[in-house]
Amino acid sequence: MIQTISTSHYLILAAALFCLGMLGVLIRRNALVVFMCIELMLNATNLTFLAFARERGDDLGHLSAFFIIAVAAAEAAVGLAIVISVFRARGTVNIEEIQSMKH
Amino acid sequence: MIIPHFTLNDFLPVMPVGVLMAAAIVLMLSEVFLTSTTRTYQAIIAALASIVAGGIAVNNAFEPARLVLQGYAVLDPFSSWTTAMVCLGTFLAVLLSAGFLKHRNAERGEFYALMLFAAAGMSLLSLSAEFITLFINLEVLSVATYALTAFLRRGPRPSEAGFKYFILGAFAAALLLYGAALIYGATGATKLVEVSAALPAAFAKSPALVYAGLGLVLAGFAFKVAAVPFHMWTPDVYEGAPTPVTALMSAGVKAAAFVAMVRTFLFLVKGIDPVIPFTVFSLLALLTMVGGNLLALPQRNVKRMLAYSSIAHAGYMLLGVAALFAPKLVEAGAKVGVLTATPLTGTAQDVSVAVYKGLLFYILGYTVTSLGAFGTISALERREDETRGNTWDLERFAGLAQRKPGWAAAMALFMLSLGGVPPTVGFLGKLFLFSAAVDAGLLGLAIVGVLSSVIGVYFYLRVVVYMFMRPAPIDAPAPFRHWTTELALVTSAVLVVGLGILPGTITEWFSRVGMVFGH
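Source: prediction; values computed, not measured. (Residues numbered from 1 in each chain as written. Chains lettered and ligands numbered in written order. Predicted model: local features only at pLDDT ≥ 70, side-chain atom pairs only at ≥ 80, totals over all residues. Heavy atoms only, no water.)

S.K.: I'd love a proper account of the overall build of chain A, names of residues and values included.
M.R.: Helix and strand counts for chain A stand at 3 helices and 0 strands. Seen in sequence order, chain A has helices and strands lined up from the N terminus as α-α-α. Relative to the globule expectation of 13 Å for 103 residues, the C-alpha radius of gyration of chain A, 17 Å, shows a markedly less compact shape. Overall, the C-alpha framework of chain A stretches about 55 × 25 × 25 Å when taken along its three principal axes. Residue pairs in contact within chain A that sit at least 24 positions apart in sequence constitute 53% of those at least 6 positions apart. Of the roughly 5700 Å² of accessible surface on chain A, 69% is carried by carbon and sulfur atoms. When the 7 basic and 7 acidic side-chain charges of chain A are each reduced to a single mean position, those positions are 11 Å apart. (Helix = DSSP H or I, 4+ residues; strand = E, 2+ residues; numbered from the N terminus. Rg over C-alpha atoms; globule rule 2.2 N^0.38 Å. Contact = heavy atoms within 4.5 Å. Areas by Shrake-Rupley, 256 points an atom, 1.4 Å probe, with all protein chains shown as cover. Lys, Arg positive; Asp, Glu negative; His and termini not counted. Charge placed at Lys NZ, Arg CZ, Asp CG, Glu CD.)

S.K.: Give a description of the overall build of chain B that names residues and reports values.
M.R.: The secondary structure content of chain B amounts to 20 helices and 2 strands. For chain B, the C-alpha radius of gyration of 22 Å lies close to 24 Å, the compact-globule estimate for 519 residues. For chain B, the spread of C-alpha atoms along the three principal axes comes to 70 × 55 × 40 Å. Going through the 519 residues of chain B one by one, you find that 65% of them count as buried. As displayed, chain B offers around 17000 Å² of accessible surface, 70% of which is attributable to carbon and sulfur atoms. One way to put it: in chain B the 32 positive side-chain charges average out to a point 5 Å from where the 25 negative ones average out. (Buried < 20%, exposed > 50% of the residue type's maximum accessible area, 1.4 Å probe, protein only.)

S.K.: Tell me about the interface of chain A and chain B, and please be specific about residues and values.
M.R.: Chain A puts 44 residues into the contact, and the matching count from chain B is 43 residues. Buried surface at the junction of chain A and chain B, both sides included, amounts to about 3800 Å², of which 75% is carbon and sulfur. Linking chain A to chain B there are 1 salt bridge. In this structure, E160(B) engages R90(A) in a salt bridge whose closest nitrogen and oxygen atoms are separated by 2.7 Å. Connecting chain A to chain B are 4 residue pairs in polar contact (both at pLDDT 80 or more). Residue assignment for the side of chain A that touches chain B shows that the elements contributing at least two residues are α1 (7–27), α2 (31–56) and α3 (60–90) of chain A. A total of 16 residues in the side of chain A that touches chain B trace back to one element, the largest contributor, which is α3(A). The residue inventory of the side of chain A that touches chain B, partitioned by class, reads 29 nonpolar, 9 polar and 6 charged. (Buried area = accessible area lost by both parts, 1.4 Å probe. Salt bridge = Lys/Arg side-chain N within 4 Å of Asp/Glu carboxyl O. Polar contact = N/O pair within 3.5 Å; in protein donor to acceptor, adjacent residues only side chain to side chain. Nonpolar A, V, L, I, M, F, W, Y, C, P; charged D, E, K, R; others polar.)

S.K.: Can you tell me about the nonpolar core, naming the residues and giving the values?
M.R.: All names here are of chain B. F265, M415 and L442 are the most contacted members of the largest nonpolar core, which totals 234 residues. The greatest single-element share of this core, amounting to 19 residues, is contributed by helix α7 (residues 156–187). Contacts of L442, omitting those with residues within four sequence positions, involve F278, L319, A322, A323, A326 and A437. (Core = buried A, V, L, I, M, F, W, Y, C linked by side-chain atoms within 4.5 Å.)

S.K.: Describe in detail the state of the cysteines, supporting the description with residues and values.
M.R.: Residue and element names in this part refer to chain A. Enumeration over the complete set of coordinates arrives at 0 disulfides over all chains. With no disulfide of its own, C19 lies closest to C37 among cysteine sulfurs, the gap being 12 Å. Owing to a relative accessible area of 42%, C19 belongs among the partly exposed residues under this scheme. (Disulfide = S-S within 2.5 Å.)

S.K.: Talk me through the packing of aromatic side chains; I want residue IDs and the actual numbers.
M.R.: Inspection of the entire model under this criterion finds 27 aromatic pairs over all chains. Between F62(B) and W81(B), the aromatic rings sit 5.9 Å apart at their centres with planes inclined by 80 degrees, giving edge-to-face as the arrangement. Taken together, the residues span a long stretch of sequence, with F62(B) in the loop between α3 (40–60) and β1 (66–68) and W81(B) in helix α4 (residues 77–103) at a distance of 19 residues. The interplanar angle of 75 degrees and the centroid separation of 5.1 Å between the aromatic rings of W81(B) and F510(B) together place this pair among those described as edge-to-face. One end of the pair, W81(B), is in helix α4; the other, F510(B), is in helix α20 (residues 505–510), and 429 residues separate them in sequence. Neither W81(B) nor F510(B) differs from the other in exposure class; each is buried. Of the aromatic side chains, those joined through ring pairs into one cluster are F35(A), Y146(B), Y165(B), F166(B), W233(B) and Y238(B). A cation sits over an aromatic face here: K357(B) above F432(B), 4.2 Å from the ring centre. (Phe/Tyr/Trp six-rings, centres within 6.5 Å; stacked < 30°, edge-to-face > 60°. Lys NZ or Arg CZ within 6 Å of the ring centre and 35° of its normal.)

S.K.: Hey, could you go over the packing of helix α16 (residues 405–419) of chain B against helix α19 (residues 483–501) of chain B for me, with residue numbers and the actual values?
M.R.: The angle between the axes and the distance between the axes are what describe a pair of packed helices. Residue and element names in this part refer to chain B. Contact geometry for α16 and α19: axes closest at 10 Å, N-to-C directions at 45 degrees. Our classification of the angle between α16 and α19 gives oblique. Note on packing geometry: the crossing formed by α16 with α19 is left-handed. Side by side, α16 and α19 meet where W407, L413, F414 and S417 of the first sit next to T485, E486, L489, S492, A493, V496 and V497 of the second. Across the contact of α16 with α19, the residue classes break down as 7 nonpolar, 3 polar and 1 charged. (Axes fitted to C-alpha atoms, helices over the stretch in contact; angles between N-to-C directions. Parallel < 35°, antiparallel > 145°, perpendicular 65-115°, else oblique. Left-handed = near helix turned anticlockwise from the far one by under 90°.)

S.K.: Describe in detail the side chain of S128(B), supporting the description with residues and values.
M.R.: Residues and elements named next belong to chain B. Position of S128 relative to the elements: it lies in the loop between α5 (109–127) and α6 (131–149). The buried category is assigned to S128, whose relative accessible area is 2%. Of the polar contacts made by the side chain of S128, one reaches the backbone oxygen of L124; its length is 2.8 Å. Not counting chain neighbours up to four residues away, the residues in contact with S128 comprise Y72, A73, T133, L134, N137, L192 and R263.

S.K.: If you had to explain the environment of V494(B) to someone new, which residues and values would you point to?
M.R.: All names here are of chain B. On the secondary structure map, V494 appears in helix α19. Looking at V494, the relative accessible area reads 53%, which means it is exposed. Between the alpha carbons of V494 and S282 there is a distance of 34 Å; along the sequence they are 212 residues apart.

S.K.: An account of the packing of helix α2 (residues 15–33) of chain B against α3(B) is needed here, citing residue identities and associated values.
M.R.: Residues and elements named next belong to chain B. Look at α2 against α3: their axes get within 8 Å of each other, and the N-to-C directions meet at 170 degrees. In terms of orientation, α2 and α3 fall into the roughly antiparallel class. In contact with M15, P16, V19, L20, A23, L27, S30 and E31 of α2, α3 contributes Y41, Q42, I45, A46, A49, S50, V52, A53, I56, A57 and N60. Its residues assigned to classes, the contact of α2 with α3 shows 14 nonpolar, 4 polar and 1 charged.

S.K.: Quick one: what's the story with unusual backbone geometry, residue by residue and with numbers?
M.R.: Residues and elements named next belong to chain B. Between V228 and P229 the backbone carries a cis peptide bond, its omega angle lying at 5 degrees. Here P229 is to be found in the loop between α9 (207–225) and α10 (233–240). Here P422 and P423 are connected by a cis peptide whose omega angle stands at 5 degrees. Mapping P423 onto the fold places it in the loop between α16 and α17 (425–439). Phi is positive for L69, which is not a glycine, with a value near 50 degrees. Counting through the fold element by element, L69 comes out in the loop between β1 and β2 (73–75).

S.K.: Quick rundown of the environment of A144(B)? Include the residues and the values.
M.R.: Residues and elements named next belong to chain B. Relative to the assigned elements, A144 resides in helix α6. With relative accessibility at 4%, the residue A144 sits in the buried group. Separated by 252 residues in the primary sequence, A144 and R396 have C-alpha atoms spaced 31 Å apart. Those residues within four positions of A144 in sequence are excluded, and the remaining contacts are L114, F117, A118 and E139.

So this is what it looks like as structure tokens:
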């Protein structure tokens, strides 16, 4: 049955995940959920790279996925540190309450 | 695929980055092993490293354009000059930070290390010629700037700014990366040269995939250069970040992202109808120029005004980018419209040389001016004001000319340069860029650019009026004094006037043929 899953299935799944992540960044209010949505977008990208690599039978996509995972980890470290410093300064991670600057 | 095998010689062209990285690591380690209370020496190490790196980059700028690092990067005068300007910006930002941090008792070695890492990321970004390399360099630069933005942990603003910058920066990077993944799917390559060769066939096979990929990559870059309508994050981040960091972001980060965008899209428009990229970039330029200036108009907060002004300046640079993508052959007799191209007056070769010169000179001018302007602001702000939220109000500048004539004169100079008034570098930059755009046939758009920069003169001159014509309030703050801050401001001021009066050989260096690899 595995053979019936084609590249386009993977691509559609990845596109759906990416859109979910994008929507989440735009509409969710909890900083940590927004943060997870960004990770979701990056993982959708990984899935796209891997699906294309599998179809083409070359290693470039696999290699890219490894680099993306490493960079995402580094980014997550700094991002979480910033979320913690926001929480310490305000006692909340609700994005709507993080609006101290005038427009 | 063949796993690349790099030798030491492959890395010689990226020596400037090596110097920046090495200095950053030395600074990190010195923080561990040395327990000195004063850290001005760390600022000096960082400043020296950026001078050395900048010097090597200038030297590299006279080498012929070629692919280096086995096709993963490009060494051409365009990227080398960008590296040199990034190093200049870092040098000035480091000097500004030394006084700024000492004043707030927040001097830490990792600050300078992060600045150097960010500078290394910017330099590498400008010469990346492969999507994954581009993404990693973008993240090296971004992660360092996220941390720098949230560096002052006291008070809610820096962490808020850092958080917003992080979310939107990571969002933009994800968009760019997903676009790259789709382009990889369509062409089977991530090196720009190979992508460019495979694009016409890919267009014929799966146009939707390629268009989606190009659109996402463009959106990612548009966030990074803060083009309208992707600019929402800019004012809050620029306002909340420590002022020397804001200066580095407005100059270096933006320049590097611009150069990377130009390089990427010069490769990615093969096989596409030339009208599409031209229209898209023209539209972005139009919205960004007009939007940035109009949004800056009501701002009384000078730092926020400069943030919007940096959006407007990105718009002028986008005008140059649009000129690069102007259709080279337009039918004679086309009407002049805002978004249409009129026939070229010069040959296509001349025009692109003029545009590269205009872009580079504009970036140079904006780098020294904005570093100077943000630097003056950083010296005037006081920590006590931060809780009251009026740190950067126009009133803070009232009567500065009587209290500190030198500071007021410098700030006035930077404001005039931002507004594009002669004899400053800002005027020459606009002159080169707008005349190149007119040569490329963008008459309508260039007129809009000039008109919108006239709006800009209003809010720049308002600062000058406050400094010279309003009486000083009784509790007016005195700027703190630190020799590094003064050195940075004097250097910027000298460069603003010097380059404005005698651009000299620099314009020749910027207008050599073979500026950009492959074009």
